[in-house]
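Below are the chains, spelled out letter by letter.
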Amino acid sequence: EAVAQEVNRLRSRQPGWAARPLPARIDALGSLAAMLHDARMLLVEALADDTGRWTESEIEFDSVTRIIRRWCEDAPAILTPPLVRPSRLVPRIGVAQRAQPYPVAGIISPWNFPLLLSMIDAVPALLAGCGVIIKPSEITPRFVPVLEQVIARADGLQDVLRFVTGGAQTGDAVVRHVDMLCFTGSVATGRRVAVAAAESFIPCHLELGGKDPAIVCDDADIRLAARAISWAGMVNAGQSCMSIERCYVDRKVSGEFLSELTAEVAALGHCYPDRRSPGLGPIISLAQADIIRHHLDEAYALGAHALTGGNVVAKGGGLWCEPTVLVGVHSGMAVVREETFAPILPVMLFDSDDEAVR
């Protein structure tokens, strides 16, 4: 009921927002970016309280302000209607495209980058003239009150940008009541969201998990490849839908590559006990820790072993995954097939580029 009331309020206020000239909407978003800068420390603290990592929270905040400014710069070219052109089929008829904003866009965002993935879809929707309701993850909601205080000072934004917090029930209600939806999260939940959106006949944009691979060929710069893949697999403790989660390396260079990669990964520690210190953050979601343990236990049972790391450990009441390189893995293992969302790099060997692709 609370979600329905919030959406109805947005629906009543959205026409006034959409009627504003585009430069006025750009100014409102630009002022939000400026005011966010003043609240930077409060927002980073809130993000770090929920995620346990500081450096990535700073990067996340800075990414949001850059995204707002980029969309404000790009919006005029994207949203300015094209000139009327004559119809090629019917004489004396002019044809023009018209961009019509959805009254209320719903956004359901995950816990790995709470602020960024709440705002990354909200900003272009607001510039297009939509009202926006955001349901952040119940695991990482502490940034919301801080952000709402900033939004309340931005010109007109609090009328068309609202947050609702809660778990799956709240997300279900958002899907039922909005006019279009952007969802970022797991494949399993995304599939349920897509079905619910289809039942409501609303468009649904899904940005789901993956098992992104890297291929290291025999002519690669091995040192560079090891550094790049280590970073891509370990950043944010592997808790990113774009993390490298499996690596295929040509057998001819595998010894050198594994030596370099293991050295890179073994040099990483945890940002504990000081979350502002260098190192990887903790596992953010308790449920994800169970998935990570399952992937590791199954891999070991099927013959894999870790060149470095390889365990989930407890520190200070939290759970942390050691930066890990796995060998002896194969595609029958969950750690190779399914999203692990952890700082774990399983490495497999190949004898030809075609085999690697296959």
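All figures in this text were calculated on a predicted structure; none of them were measured in a lab. (Residues numbered from 1 in each chain as written. Predicted model: local features only at pLDDT ≥ 70, side-chain atom pairs only at ≥ 80, totals over all residues. Heavy atoms only, no water.)

A few words on the overall build of the protein. If you tally the helices and strands in the protein, you get 13 helices and 14 strands. Judged by the C-alpha coordinates and their principal axes, the protein covers about 70 × 55 × 35 Å. The 358 residues of the protein split such that 48% are buried. Long-range pairs, those at least 24 residues apart, make up 71% of the contacts in the protein with a sequence separation of at least 6. Roughly 17,100 Å² of accessible area belongs to the protein as shown, and the carbon and sulfur atoms make up 55% of that amount. Each charge sign in the protein was given a centre, from 33 positive and 42 negative side chains, and these centres are 8 Å apart. (Helix = DSSP H or I, 4+ residues; strand = E, 2+ residues; numbered from the N terminus. Buried < 20%, exposed > 50% of the residue type's maximum accessible area, 1.4 Å probe, protein only. Contact = heavy atoms within 4.5 Å. Areas by Shrake-Rupley, 256 points an atom, 1.4 Å probe, with all protein chains shown as cover. Lys, Arg positive; Asp, Glu negative; His and termini not counted. Charge placed at Lys NZ, Arg CZ, Asp CG, Glu CD.)

A separate point is the pairing of strand 8 (residues 212–216). Summarising the sheet, strand 8 and strand 9 (residues 244–250) pair through 5 bridges and their orientation is parallel. Looking at the pairing, Ala214 lines up with Cys247 of strand 9. Once the chain exits strand 8 it traverses helix 9 (residues 222–234) before rejoining the sheet at strand 9, and the crossover so formed is right-handed. (Pairing = 2+ DSSP bridges. Right-handed = clockwise from strand over helix to strand, strands pointing away.)

One open sheet accounts for 5 strands, arranged 8-9-14-13-10; its pairing is mixed. Among the strands making up the open sheet, the edge pair consists of strand 8 and strand 10 (305–308). When strand polarity is set aside, the average angle formed by the axes of neighbouring strands in this sheet is 30°. Helix 9 rests against strand 8, strand 9, strand 13 (324–327) and strand 14 (344–350) of the sheet, and its axis sits at about 140° to strand 14. On top of the sheet, helix 10 (residues 254–266) reaches strand 8, strand 9, strand 10, strand 13 and strand 14; it is set at about 150° to strand 13, its chief contact. (Axes fitted to C-alpha atoms, helices over the stretch in contact; angles between N-to-C directions.)

The topology assignment puts Pro203 in the loop between helix 8 (187–199) and strand 7 (204–208). Between the alpha carbons of Pro203 and Ala105 there is a distance of 9.9 Å; along the sequence they are 98 residues apart. Dropping the residues within four chain positions of it, Pro203 is found in contact with Tyr102, Asp179, Met180 and Leu181.

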